[in-house]
Amino acid sequence: MESKMKIIGGVPLRGSIEAQGAKNATLPVMAAAILLKDQKLSISRVPDLLDVNTMADLLRSLGASVTFSGHEMEISVPGEISWETPSDLVRKMRASSLVLGPLLARCGRAVMPLPGGCSIGSRPIDLHLKGLTRMGATIELVHGAVHATTKGLVGSRIYLDFPSVGATENLMMAAVFARGETVLENTAREPEIFNLVEALRSMGASIEADGTGVIRISGVDTLHSASSRIIPDRIEICTYLLAGVATGGEVTVTDIIPNHIDSLLAKLEEAGATLKVEDSRVTVYPGERIKSVSLKTLPYPGFPTDLQPQIMTALCLAEGTSVIQESVFQSRFLHVSELNKMGAKIDIQSNSAVITGVERFTGADVVATDLRAGAALVIAGLAAGDTTMVYHLGHICRGYEAMEEKLLRLGARVQVISTEKEDGKGGPSFPGPSC
Ligand code: EPZ
């Protein structure tokens, strides 16, 4: 069901909300359950998101049973499962590619349609495939699908040309049963990677990961049932903090891990925002108009690309000119034209955005092109002095649990409206699949 969000802006947000479990930790931990045989994986603090339910459907299509209620999930995996992933689900969610490594490790084969590109870039999986090949997989592309087979993966030394989050996760899971030791170098170091490491260890995998970008996996024969807990969603947390900054409000987010959001906290302090950080909560307070800052998105612990649209919105209202360089994805600036429709002054120069601060946003009809761009537009609507309609809310539901409810709790005037009922007015059309 497609929907839009009506936002009557101009109200400083005020209140406290609890962070959801991290979407980008939940998806790989769910995929890791594929490594189990006649066992089960219990996962707590699972966010109720479109992408999580898509991954659950994908696991069910392979033969697992998944129960999910009240943020608690249980995945029971039988002795035999399918190794072919349904193309409709892979097309719906790129993160489906995370089942490739565990399927190959457990079944010795996997068939998976190539996940397409999306609005933020072509999103290839060449690093995943290159690493699996090094471990002894034979990879063929047949009618746009990856056909992978192996007589048994062998531990190898693999240097990642780019610290890819997905490639790190896929190769780590592929190595769990490999013969001998696999050493992954130049890996991603996002907190979500270590959530997966802990989950795999709790299942009996032998993994060393000290946060230096080197991960060592010694192959074991089998895993066992286990429980895992998902870390707080650092991107969701920062999205609401930036909404507090942009509306001049006072917003507290609880159940967080402060050092996961150090890069944003440092940037907000540099911009002159007033913050208070305690052991598991953080609050932004109203204060002077923030000042312009510049930043470059980088792999963790650098400034996260998943926060780039949202901080851009806040910097549109800053005093002075800011520059944001997007170094992780090829084209993650589709939200710029939508923000400019709302009175922002943003100029794209190659992979940088030059943002000249303005006094305020004006409401408009705008379109979400991916979940983080959508979140950025919601923040702009909350800060605008009049009414904004954000279309294609489906993107946002993929990564933000109960956003309408959380914003209402913070005093925002928002309403989600289904666009199915209107005569075909699903909002301004925008090409391209979700990513
Ligand atoms: C994960 O995507 C996240 N998704 C993304 O979050 C996040 O933006 C991204 O990491 C970067 O932090 C999940 O964890 C489910 P990458 P992933 O592999 O793994 C290139 C969100 O909003 N690359 O680290 O796909 C790639 O094209 C989403 O929650 C290759 O060239 O990201 C990109 O430019 C959006 N070849 C860069 O590396 C490969 O084989 C980073 O990609 C793999 C990646």
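What you see is a predicted model, and the numbers here were worked out from it, not measured in a lab.

Procedures and definitions
Sequence order sets the numbering: in each chain, residues are counted from 1 along the sequence as written. Local features in a predicted model are, by the rule used here, given only for residues with pLDDT of at least 70; side-chain atom pairs are given and counted only at 80 or more, and totals for whole chains, interfaces and linings are based on all residues. Here the side-chain values reflect all heavy atoms present in the structure, with hydrogen atoms and water set aside. Labels follow the DSSP assignment, with helices taken as runs of H or I lasting at least four residues and strands as runs of E lasting at least two, numbered in each case from the N terminus. Each radius of gyration is computed over the set of C-alpha atoms, and the globule rule expresses the reference value as 2.2 Å times the number of residues to the power 0.38. The classification of residues rests on relative accessible area computed with a 1.4 Å probe and restricted to protein chains. Under 20% of the type maximum is buried, over 50% is exposed, and intermediate values are partly exposed. When checking whether two residues touch, look at their non-hydrogen atoms; a contact exists if any pair is within 4.5 Å. Note on areas: Shrake-Rupley, 1.4 Å probe, and residue coverage restricted to the protein chains presented here. A positive count includes Lys and Arg, and a negative count includes Asp and Glu. His and the chain ends are not counted in either. Lys charges are placed at NZ, Arg charges at CZ, Asp charges at CG and Glu charges at CD. Salt bridges are identified by distance alone: a Lys or Arg side-chain nitrogen within 4 Å of an Asp or Glu carboxyl oxygen. Strand pairing is defined by DSSP finding a minimum of two bridges between the two strands. Note on definitions. A residue lies near a molecule or strand when any single heavy atom of the residue is within 4 Å of it. Polar contacts, as used here, are pairs of N or O atoms within 3.5 Å; protein pairs need one atom able to donate a hydrogen and one able to accept it. Residues neighboring in sequence count only if both atoms are side-chain atoms. Ten residue types, Ala, Val, Leu, Ile, Met, Phe, Trp, Tyr, Cys and Pro, are classed as nonpolar, four, Asp, Glu, Lys and Arg, as charged, and the remainder, Gly among them, as polar. For a helix, the expected span equals 1.5 Å multiplied by the residue count minus one.

Novice: Before we move on, could you go through the overall build of the protein and cite the residues and values that matter?
Specialist: When helices and strands are tallied, the protein shows 14 helices and 23 strands. Taking 2.2 N^0.38 as the reference for a compact globule, 435 residues should give roughly 22 Å; the C-alpha atoms of the protein span a radius of gyration of 22 Å, in line with that estimate. Oriented by its inertia axes, the alpha-carbon framework of the protein measures out at about 65 × 50 × 40 Å. Burial statistics for the protein: of 435 residues in total, 57% are counted as buried. Considering only contacts within the protein whose residues lie at least 6 apart along the sequence, 74% involve residues at least 24 apart. Counting every atom, the protein has about 16,500 Å² of accessible surface; 49% of that belongs to carbon and sulfur. Computed over 41 positive and 48 negative side-chain charges, the separation of the two mean positions in the protein equals 2 Å.

Novice: Before we move on, can you summarise the pattern of salt bridges with the specific residues and values?
Specialist: Counting across every chain of the model gives 17 salt bridges. Ionic pairing is found between E278 and R281, a salt bridge with its closest N-O pair at 3.7 Å. Within the structure, one salt-bridge network assembled from shared partners comprises K23, D51 and R398.

Novice: Describe in detail the sheet that holds strand β19 (residues 345-349), supporting the description with residues and values.
Specialist: Spatially, four strands are ordered β17-β18-β20-β19 in an open sheet, and the strand pairing comes out mixed. Sheet topology places β17 (295-296) and β19 at the edges, where each strand pairs with a single neighbour. Pairing geometry for strand β18 (residues 321-325) and strand β20 (residues 352-356), over five bridges, is antiparallel. Bridging across to β20, V323 finds its partner in V354.

Novice: Which residues make up the site of the ligand, and what values do they have?
Specialist: Around the ligand, 22 residues are found, and the nearest of them are D126, L127, S164, D306 and V328. Within the side chain of N24, an N or O atom sits 3.0 Å from an oxygen atom of the ligand. Measuring from an oxygen atom of the ligand, one finds a backbone N or O atom of V328 at 2.5 Å. Contact with the protein chains covers 87% of the free accessible surface of the ligand, which is 820 Å². Breaking the shell around the ligand down by element, the ones donating at least two residues are α1 (23-32), α5 (126-134), α6 (165-174) and α12 (371-383). Of the residues that constitute the shell around the ligand, the class distribution is 10 nonpolar, five polar and seven charged.

Novice: Pulling in residues and values, what's your account of the pairing of strand β12 (residues 214-218)?
Specialist: Side chains I215 and I217 project from β12 onto a buried face, and the interleaved V214, R216 and S218 project onto a face without burial. Across five bridges, strand β10 (residues 181-185) lies against β12 in antiparallel orientation. By the bridge assignment, L184 is partnered in β12 with I215. Bridging between strand β11 (residues 206-209) and β12 involves four bridges; their strand directions are antiparallel. Across the sheet, E208 pairs through a bridge with R216, a residue of β12. The hairpin turn running from β11 into β12, its antiparallel successor, is four residues long, and G211 in that turn takes a positive phi close to 85 degrees.

Novice: So, the environment of I81: which residues are in play, and what are the values?
Specialist: With respect to the helices and strands, the residue I81 is situated in the loop between β5 (72-77) and α3 (87-92). Setting aside anything within four residues of it in sequence, one finds I81 in contact with I34, L62, L103, R106 and C107.

Novice: Account for α12, naming residues and giving values.
Specialist: Between its first and last C-alpha, α12 extends 19 Å over 13 residues, near the 18 Å set by a 1.5 Å rise per residue. Burial within α12 is extensive, with 13 of its 13 residues counted as buried. A side-chain oxygen of the first residue of α12 lies 2.8 Å from the backbone nitrogen of R372; this N-cap is D370.

Novice: Tell me what's going on with the side chain of T239, and back it up with residues and numbers.
Specialist: Structurally, the position occupied by T239 is in helix α8 (residues 234-247). Reaching out from T239, the side chain makes a polar contact with the backbone oxygen of I235 at a distance of 2.7 Å. For T239, the side chain forms a polar contact with the side chain of Q310, separated by 3.2 Å. For T239, the residues in contact, after removing those within four places along its chain, are L307, Q310, A375, I379 and Y400.

From the geometry alone we can't say anything about function, so treat these as descriptive.
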